Amino acid sequence: MTVSLSRLVADCKCLAIIGTEKNAGKTTVLNHLLAADRRADLAITSIGYDGEDIDQVTGTDKPSVYVGRGTLVATAVDLLGQCDFTRELLCFTGFYTPLGEVVIVRALSDGYALIAGPSTTGQMTRLTRMLQQEKAGRIIIDGAAARRSSAAVSTADGCILATGAAFSPDPDAIVEHTAHIASLLTLPAAKDIPESIIDAQLSAKKADENRIGAGHENDCFLIDSENQLIDNINSLDDSAADLICSRITQPLRVFFLGAVTARLIQKILERSRSLKDLQLIASDGTRFLLSPAQLAELRRRGARLAVLKPVNLLAVTVNPRSPEGFFLDSVSLCQKLKTVLSVAVFDIMADKQL
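Read on for an overview of the structure. (Residues numbered from 1 in each chain as written. Predicted model: local features only at pLDDT ≥ 70, side-chain atom pairs only at ≥ 80, totals over all residues. Heavy atoms only, no water.)

**Observations regarding helix H8 (residues 262-271)**
The condition is simple: The classification of residues rests on relative accessible area computed with a 1.4 Å probe and restricted to protein chains. Under 20% of the type maximum is buried, over 50% is exposed, and intermediate values are partly exposed. Strands here mean DSSP runs of E at least two residues long; helices mean DSSP runs of H or I at least four residues long; both are numbered from the N terminus. By definition in these notes, contact holds between two residues if any of their heavy atoms fall within 4.5 Å.
Within the span of H8, buried status applies to Leu264, Ile265, Lys267, Ile268 and Leu269. Among the structural elements, helix H7 (240-247), strand S14 (252-256), strand S15 (260-261), strand S16 (278-282) and helix H9 (292-300) are those in contact with the buried residues of H8.

Structure follows, in structure tokens:
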């Protein structure tokens, strides 16, 4: 029996929709789920700005977000005048975007919405709590391209990954790219993280929530086989790779508060042939900004990757239409994706699992 996308994610209390790139079909997926679930306690928000008629980056047409009566909408105050549903203002959040403060409103009628929410993990976490205080039974976050989606996946308890022809006209390239991102999103959980690391992460989140400072100067922490913190450094420092490589003559775990950059990984690969004693740990899979070739080479040399919070990837959706105007064979693309993914794959235009 084939299960629909809406039924597959029905039990998820906070769902994030993220894309492999822009124009992957996130908003279409959101509209599908909103149409399929007209519950009165539904809430929506966005990482950044979504719902506009024209994509601000590509200049292409975008689908509008259509909400039903009773839906809670968290969006920037400057966009309320462009939303055509009647509404009740519930609260100001204290989170500011270039389009003004984020507010929470309740839709008193059906209508089109423009949504813009906070872009940081700490603020998104606090916003979801506010929505729950307003009796939201289910929250859907319209996320971002995968490398900018940490705020969404760190907050949600389930995730949909949208992919498609916007990435490439080559189906095989789409499959490789999507499988790579899915692999990073579903990295296993790290075990026995020292309290000092957890404290550092909580401190970083607090700074993130309050929008103060630039975070920790030293965001890369080295942990030895006795689970002791032995050193720390700024991951962008030119000597970071040298420090890490000098320590991997014995088992070493390296935790990153922020991103694990392709530049750092390339330097590590250039300096060390064997990485069998190295484990790289990040907050979640979106923090690993690696190419498929780099990930494959890390694994070939024995390095292990892990995260503090694995992403619960529930499904992958496919948009066969490119913003450049060409269409791919959706059935063929979905079948190819299914051979390399361990989750359900859907044609978002037909809500058909393949």
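**Looking at the nonpolar core**
Worth spelling out the cut-off: Nonpolar cores are built from buried Ala, Val, Leu, Ile, Met, Phe, Trp, Tyr and Cys residues. Side-chain atoms within 4.5 Å join them into one set.
Core analysis: the biggest nonpolar cluster contains 42 residues, and Leu131 and Leu161 have the highest contact counts within it. Counting residues per element, this core draws most heavily on helix H5 (residues 171-185), which supplies five residues. In contact with Leu161, other than residues within four places in its own chain, are Ile18, Gly19, Thr20, Thr178, Ile181, Ala182, Leu185, Leu313, Ala315, Val316 and Thr317. By size, the runner-up hydrophobic cluster in this structure holds 30 residues, among which are Ile233, Leu252, Val254 and Leu295.

**Quick look at the packing of aromatic side chains**
Convention followed: Here a pair means two rings of Phe, Tyr or Trp (six-membered ring of Trp) with centres within 6.5 Å. Their orientation is stacked below 30 degrees between planes, edge-to-face above 60, and tilted elsewhere.
Within the structure shown, the criterion is met by one aromatic pair. Here Tyr66 and Tyr112 contribute two aromatic rings whose centre-to-centre distance is 4.9 Å and whose plane-to-plane angle is 70°, an arrangement assigned as edge-to-face. Of this pair, Tyr66 sits in strand S4 (residues 65-67) while Tyr112 sits in strand S8 (residues 111-113); the two residues are 46 residues apart in sequence, bridging distant segments of the chain. According to the relative accessible area criterion, Tyr112 is partly exposed, its value standing at 42%.

**Some remarks on the pairing of strand S10 (residues 138-145)**
For clarity, the threshold we go by: In this description, strands pair whenever DSSP reports at least two bridges between them.
The buried fraction of S10 is high, at eight of eight residues. In this sheet, S10 lies alongside strand S1 (residues 14-19) in parallel orientation, the contact comprising five bridges. Residue pairing in the sheet places Cys14 in a bridge with Ile139 of S10. Note that strand S2 (residues 42-46) and S10 share five bridges and pair parallel. Within S10, the residue paired with Ser46 across the bridge is Asp142.

**Structural notes on the packing of H5 against helix H10 (residues 330-340)**
Filter applied, for reference: Throughout, an axis means a line fitted to C-alpha atoms (over the contacting stretch in the case of helices), and angles, computed between N-to-C directions, take values from 0 to 180 degrees. Less than a right angle of anticlockwise turn of the near helix away from the far helix marks a crossing as left-handed, whereas a clockwise turn marks it as right-handed. Throughout, the ten residues Ala, Val, Leu, Ile, Met, Phe, Trp, Tyr, Cys and Pro are labelled nonpolar, Asp, Glu, Lys and Arg are labelled charged, and all others, Gly among them, are labelled polar.
One way to put it is that H5 packs onto H10 with a least axis distance of 10 Å and a crossing angle of 35°. The interaxial crossing formed by H5 with H10 has right-handed handedness. Facing Pro171, Asp172, Ile174, Val175, Thr178 and Ala179 of H5, the residues of H10 in contact are Leu333, Lys336, Leu337 and Val340. Here the residues of the contact of H5 with H10 are counted per class, giving seven nonpolar, one polar and two charged.

**Considering the environment of Val77**
The residue Val77 is located in the loop between strand S5 (72-76) and strand S6 (87-97) in this model. Using a relative accessible area of 33% as the deciding quantity, one classes Val77 as partly exposed. Taking the C-alpha atoms as reference points, Val77 and Ile104, separated by 27 residues in sequence, lie 9.1 Å from one another. Excluding residues that lie within four positions of it along the chain, Val77 makes contacts with Leu99, Gly100, Glu101 and Val103.

That is the geometry; function is a separate question.
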